[in-house]
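For reference, the chains in residue letters:
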Amino acid sequence: MTTTATIRMARTEDPTPNTFWARLGSAFAMFRNAKSITGLVILGFFVLVAIFADVLAPFSPTQVDNTARFQPPSPEHWLGTTHIGEDVLSQVIHGTRGVIVVGFLAAILATVIAIVVGVVSGYVRGWKSEGLSALTNVFLVIPGLPLIIIVASMFEEPPLVLIAAVLGITGWAWGARVLRAQTMSLRNRDFVQAARANGEPLRRIITVEMLPNLMALIAASFVGTVTAAILGLTTLSYIGVIPVNTYNWGTILNWASAQGAFRQNQWWWYLPPGLCIAAIGVALSLINFGIDEYVNPRLRSAGERARAMKKKGLNVNDAVTAVRAVEVPTSRREARE
Amino acid sequence: MTAVEPQLPVETPDALEVGTTATTTVKGRSRIPWRFLGSRALFYLFTLWAAITINFFLPRLMKGDAVDQYLARNRNVTPEAADALRALLGIDTDKSMWQQYIDYWGLMLRGDLGVSLLHGLRPVGEVISQALPWTVGLVGFATIISFLIGTIGGAVIGWRRGSRSEIMIPITTFLSTIPYFWLGLLAIALFSVNLKWFPIGKAYGVGYSPEFTPEFIGQVIHHGTLPAVTIIIASLGGWMLGMRNMMLTVLDEDYITVAQAKGMPNSRVLWRYAARNAVLPQIQSFALSIGFIVGGTIVMEMVFSYPGVGKLLLDATNGKDYALMQGVFLVITLSVLVANILADIAYAFLDPRTRQTEA
Amino acid sequence: MTTLEFDSVTKVYHVRGAGQMKALDDVSFTLSSGQTIGLVGQSGSGKSTIAKILTQLETPTSGEIRLDGKPIPRRGKGLRDYRQQLRMVFQDPFASLNPYHSIRHHIERPLRLDDVVPKREVEDEVRRLLDRVRLEPDSVIDRRPHELSGGQRQRVAIARALASRPRLLVADEPVSMLDVSIRMGVLNLLADLQREEGLGVLYITHDLATARHFSDEILVLNQGKVVESGTADDVILRPQNPYTQELRAASPDPESHFASAPGLSGGTR
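Residues numbered from 1 in each chain as written. Chains lettered and ligands numbered in written order. Predicted model: local features only at pLDDT ≥ 70, side-chain atom pairs only at ≥ 80, totals over all residues.

Right, let's talk about the overall build of chain B for a bit. Within chain B, the secondary structure is distributed over twelve helices and zero strands. Listed N to C, the secondary structure of chain B is α-α-α-α-α-α-α-α-α-α-α-α in terms of helices and strands. Counting the 359 residues in chain B, one finds 41% classified as buried. (Helix = DSSP H or I, 4+ residues; strand = E, 2+ residues; numbered from the N terminus. Buried ≥ 20, exposed ≤ 12 C-beta atoms within 10 Å, placed from the backbone.)

What follows is the structure, given as structure tokens:
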């Protein structure tokens, strides 16, 4: 039998060092593209505003000034005033806090539940898996907003944490379903089988072997849930189900609408809060686009490839490239010549 | 000798994915996906039971005196109606929880949802059935249009990858992250107040009553345009994005390349091959999103004062009309279930894989 | 000397909506350390099912597996001991390594799980194993699977399988997804390791040539049944069973084929 020499690898680049920071960096590779970074920057801006609201707002949001009612934007009130002279800018700044807190709290709760239910139901087999899946589907089908409305109406002054909890409990099902599907597909992968054959305990298989491969999905699900929670919170506030003495952009719109701002063209009152909600929504969508492209590189490269081909005068949808006519010999004798 | 796998003729053509490539099976497969539909039906029955049970517990979770005062406020209720209300809401009764549950199911099966305070003590069922067609008509219509435009648009954009039409994706996504109620309010501010093209709210003009005259139908269309258009614009982004992403994935598959190499015209490849496969997950997500569409309805009806079930729910919540609240929630859940069933049936017939086994 | 007896094993899968599927039908063989058995058959014949049952990823519907005369326990310490004795090399070199973890992680885990060496010697043992499979430790140990070639990944998979110092190895089509040019290298490595460590190897393949080259005995599997067994030369050169004869005839042999084709000038390829 022949013996083989030791294989040496060509020295291309040094392998990723096994330091903590390097591994952290590669764990967040999904965020290292233009779309995600833009989204994160915008989101970061709002988070900072929420944290430093007290310092940033020029007035207290409840400071009434009866001499300056319904004022359009002016140097003193950058976004004008409300029907009783409160400064709109200060209200919007303070409103950021409620939105960010509830959004993230609800998303954390929902994502934790989604991970537990989704991964477990994807990994185990048989009736346990089907049962958890049925539970997930029930939560998916039962309409969330009506339920929240009814539940919220039962309390006089629901605290923000309760709202976040209810939003989280009605919002985990989608992520759980996605995670279950992905876990089921991962479970049949050879490296999981190899870990099982090596006798790895179940908790290590799930946490060490499978979870890192699910990270992108979990991140996308988290971001999506934040979006849904923020939209849900502002919608509920606008409807009036959540009492109007808590600050968030939705309650500002509630007052604006009640005071007829839409009918009286007081755009400085109703445009900024809505635009802020839209801005945060856009930021979160951008982050999710970035994650999408990381997970499915086809999305990113498909467009690039098509544009590159266009420059050469080819249409990407002509999958067959034209070939110049070739002389085909008609007999084998010709072929040999 | 070489290492090529010997190609022997395979006896049975079915190779079912079960963790083994063994090819001997006992039974074959049928045309109608009974297994699939059967398991879905079972699931929906279970969900129905869960919804009714949640409904049962909802008023009982509320502060006791609020519900007890409910009947006290309403002395004009007939004795039968009062009994029904007691059974529905769990007030004022010495019966055990289990007995109440059974009574509740009795009412459900008879279709008795109690009487509504806010609406002159008319049966809840009657009140809801007046409002339901408005919601189903408007939202159903708008959602289907939005789904069609979004899916077809997404297919075309995915096909023309890298072209300028890609700009539609961020635009429509932006429009769907705008909170829906704000979009609606803006639309009113712009088109109703300023431009006066459309009326501000409601389904039809004040003073008219529903009848099947062309004039009335014209009113309905006129009033319904703004809400419908806002729904369409707001939900377009999701369908378009999903379809376009699926198209990009499908177009990478080899069978598309084969189809084009065979000389098939591009339009056929696009519609009969690529879009046909890419639309399957769309239908699934359509089914899943129905629950969220319902949520959107509530907001839309509030903004436009549209007399549908969403507005009914809000009014009932504000007016503490518990029987109506319960009834509306049940009806909404039932509608979502029915829509899901229809989507499942459509999916079952579109995807040939459901007719095989699900291992 | 370790002996594994696979005794009259039948495996039936229940598939919802399509009845039953018999993957294995009364299969028996004995694998001893120091010996290589080749298991040959086409796709769907049940080869991988045998591998899964051996590694306890599936359980037989009937029949028994015995190690050194004692049946395999279903759980507990007995199962762990059995798992340490028998390891598997998987077919797909990309799928059998976790894309998220380094090579070091992959080889460390079995060492730690089975306490093969004391903690402070684990790093050295990882390097020693990489060296045994003819990979240079320094250039590989910190890399992720996608940074290695198929052949390298398969060598890592072999190192991982050897980490717990098993007596028996199941190689499930270890080279069928590798480039043809590097297959012999990996197979020769397996043969060397088998000889040096005195392992018992079950070499599962559809390739008759390598089965004959590397195995002492060969079993031919068709639709879950063993249709022929014997020494490697006997089975390949003098097949008795018609299925085996068909298998041999179906293996393309370019020299004989082109020699008889009309029109093209003779001579070697």
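From this point, the discussion proceeds with the structure in view.
Looking only at helices and strands, one finds eleven helices and ten strands in chain C. A compact globule built from 269 residues should have a C-alpha radius of gyration of about 18 Å, and chain C, at 20 Å, falls within 12% of that. With the C-alpha coordinates of chain C rotated into their principal frame, the extents come out at 65 × 50 × 40 Å. Counting all 269 residues of chain C, 46% fall into the buried class. Considering only contacts in chain C between residues 6 or more positions apart, those separated by 24 or more positions represent 65%. (Rg over C-alpha atoms; globule rule 2.2 N^0.38 Å. Contact = placed C-beta atoms within 7 Å.)

On to the interface of chain A and chain B, then. In many analyses, interface size is given as the accessible surface area lost on bringing the parts together. Taken residue by residue, the interface counts 43 residues in chain A and 48 residues in chain B. For the side of chain A that touches chain B, the per-class residue count stands at 26 nonpolar, 13 polar and four charged. (Nonpolar A, V, L, I, M, F, W, Y, C, P; charged D, E, K, R; others polar.)

Tracing the backbone shows C:Gly44 in the loop between β3 (36–40) and α1 (47–54). Along the primary structure C:Gly44 and C:Asp138 are separated by 94 residues, whereas in three dimensions their C-alpha atoms are 41 Å apart.

The next subject is helix α6 (residues 168–177) of chain B. For α6(B), the full list of buried residues reads B:Thr172, B:Thr173, B:Ser176 and B:Thr177. With its buried residues spanning 140 degrees around the axis, α6(B) presents them on a single face. Where α6(B) is buried, its residues contact α10 (202–239) and α12 (267–295) of chain A together with α8 (214–251) of chain B. (Arc of directions from axis to C-beta.)

With that settled, consider the sheet that holds strand β2 (residues 19–32) of chain C. The pairing of strands in a sheet happens through backbone hydrogen bonds and is either parallel or antiparallel. All names here are of chain C. Reading across from one edge, β2-β1-β4-β5 is the order of the four strands in this open sheet, with antiparallel pairing throughout. Two strands in the sheet have a free side with no partner beyond their single neighbour: β2 and β5 (70–71). One ladder, built from ten bridges, connects strand β1 (residues 3–15) with β2; its direction is antiparallel. Opposite valine 9, over in β2, you have valine 27 as the bridge partner. Where α1 meets the sheet, its contacts fall on β1 and β2, and the angle it forms with β2 comes to roughly 65 degrees. (Pairing = 2+ DSSP bridges. Axes fitted to C-alpha atoms, helices over the stretch in contact; angles between N-to-C directions.)

Residues and elements named next belong to chain C. Where burial is concerned, most of strand β8 (residues 200–205) is hidden: six out of the six residues are buried. Every second residue of β8 is oriented toward a common face, with Gly200, Leu202 and Ile204 on one face and Val201, Tyr203 and Thr205 on the other, all of them buried. Bridging between β3 and β8 involves five bridges; their strand directions are parallel. Bridge pairing in β8 links leucine 39 to isoleucine 204. One ladder, built from five bridges, connects strand β7 (residues 168–172) with β8; its direction is parallel. Along β8, the bridge assignment pairs valine 170 with leucine 202. Assessed by its sense of winding, the connection that carries the chain from β7 through helix α7 (residues 180–197) to β8 is right-handed. (Right-handed = clockwise from strand over helix to strand, strands pointing away.)

All names here are of chain C. Spatial strand order, β6-β7-β8-β3-β9-β10: six strands in an open sheet with mixed pairing. If you trace the sheet from one side to the other, it starts and ends with β6 (86–89) and β10 (225–231), each paired once. This sheet shows a mean twist of 15 degrees between the axes of neighbouring strands, independent of strand direction.

Core analysis: the biggest nonpolar cluster contains 232 residues, and B:Met247 and B:Val328 have the highest contact counts within it. If near-sequence neighbours (up to four positions away) are discounted, B:Met247 is found in contact with B:Gly154, B:Ala155, B:Gly158, B:Trp159, B:Ala274 and B:Ala278. (Core = buried A, V, L, I, M, F, W, Y, C linked by C-beta atoms within 7 Å.)

As a general rule, the predicted coordinates of low-pLDDT regions are not to be interpreted in detail. Residue and element names in this part refer to chain C. In the predicted model, chain C carries a mean pLDDT of 86, and the fraction of residues at 70 or more is 92%. Summarising per-element confidence for chain C, the mean pLDDT is lowest in helix α11 (residues 254–260) (57) and highest in helix α6 (residues 150–162) (94). In this model residues 264–269 is a low-confidence stretch, pLDDT under 50, and it forms four contacts with partners more than four residues away in sequence or in other chains. On the interface metric, ipTM, the complex scores 0.81, and its pTM is 0.78. (pLDDT = per-residue confidence, 0-100.)

Another point: α10(A). All names here are of chain A. In a regular helix each residue adds 1.5 Å, so 38 residues correspond to 56 Å; α10 covers only 47 Å between its end C-alpha atoms and thus falls short of that length. Residue leucine 211 marks the point of greatest curvature in α10, where the axis turns by about 60 degrees; the proline proline 212 follows within four residues. Where burial is concerned, most of α10 is hidden: 27 out of the 38 residues are buried. Where α10 terminates, the next one or two residues include glycine 240, which has phi positive at roughly 105 degrees. (Expected span 1.5 Å × (residues − 1). Bend = angle between axes of the 7 residues up to and from the residue.)

Residues in a regular strand project their side chains so that they alternate between the two faces of the sheet. Alignment of β1(C) against strand β4 (residues 62–67) of chain C, held across five bridges, turns out to be antiparallel. Note that in β4(C) the partner of C:Thr10 across the bridge is C:Ser62.

All names here are of chain B. Interhelical geometry of helix α10 (residues 266–304) versus helix α11 (residues 309–318) gives an angle of 80 degrees and a closest axis separation of 7 Å. As judged from the angle between their axes, α10 and α11 are roughly perpendicular. Between α10 and α11, the contacting residues are Thr297, Ile298, Glu301 and Met302 on the first element and Gly310, Lys311, Leu313 and Leu314 on the second. Classifying every residue of the contact of α10 with α11 by side-chain character gives four nonpolar, two polar and two charged. (Parallel < 35°, antiparallel > 145°, perpendicular 65-115°, else oblique.)

Attention shifts here to unusual backbone geometry. Residue and element names in this part refer to chain C. Of note in the backbone geometry, aspartate 26 takes a positive phi value of approximately 55 degrees without being a glycine. Residue aspartate 26 is classed as partly exposed on the basis of its C-beta count, with 14 C-beta atoms lying within 10 Å. Within the chain, aspartate 115 stands out as a residue other than glycine whose phi angle is a positive 55 degrees. The residue aspartate 115 is located in the loop between α3 (103–114) and α4 (122–132) in this model. On the neighbour-count criterion, aspartate 115 (10 C-beta atoms within 10 Å) is exposed.

On to the environment of C:Gln91, then. Summarising the element assignment, C:Gln91 is placed in the loop between β6 and α3. We classify C:Gln91 as buried; it has 23 C-beta atoms within 10 Å.

Moving on: the confidence of the model for chain B. Residue and element names in this part refer to chain B. In the predicted model, chain B carries a mean pLDDT of 75, and 81% of its residues have values of at least 70. Of all helices and strands in chain B, the one with the weakest mean pLDDT is helix α2 (residues 64–73) (62), whereas helix α5 (residues 124–159) scores best (86). Overall, residues 1–29 carries pLDDT values under 50, and its contacts beyond four positions in sequence, including any with other chains, amount to 70 contacts.

Below, the discussion takes up the environment of C:Thr36. Residues and elements named next belong to chain C. Tracing the chain through its elements places threonine 36 in strand β3. Take threonine 36: there are 23 C-beta atoms within 10 Å of it, and that puts it in the buried class. Taking the C-alpha atoms as reference points, threonine 36 and isoleucine 218, 182 residues apart in sequence, are found 8.7 Å from one another.

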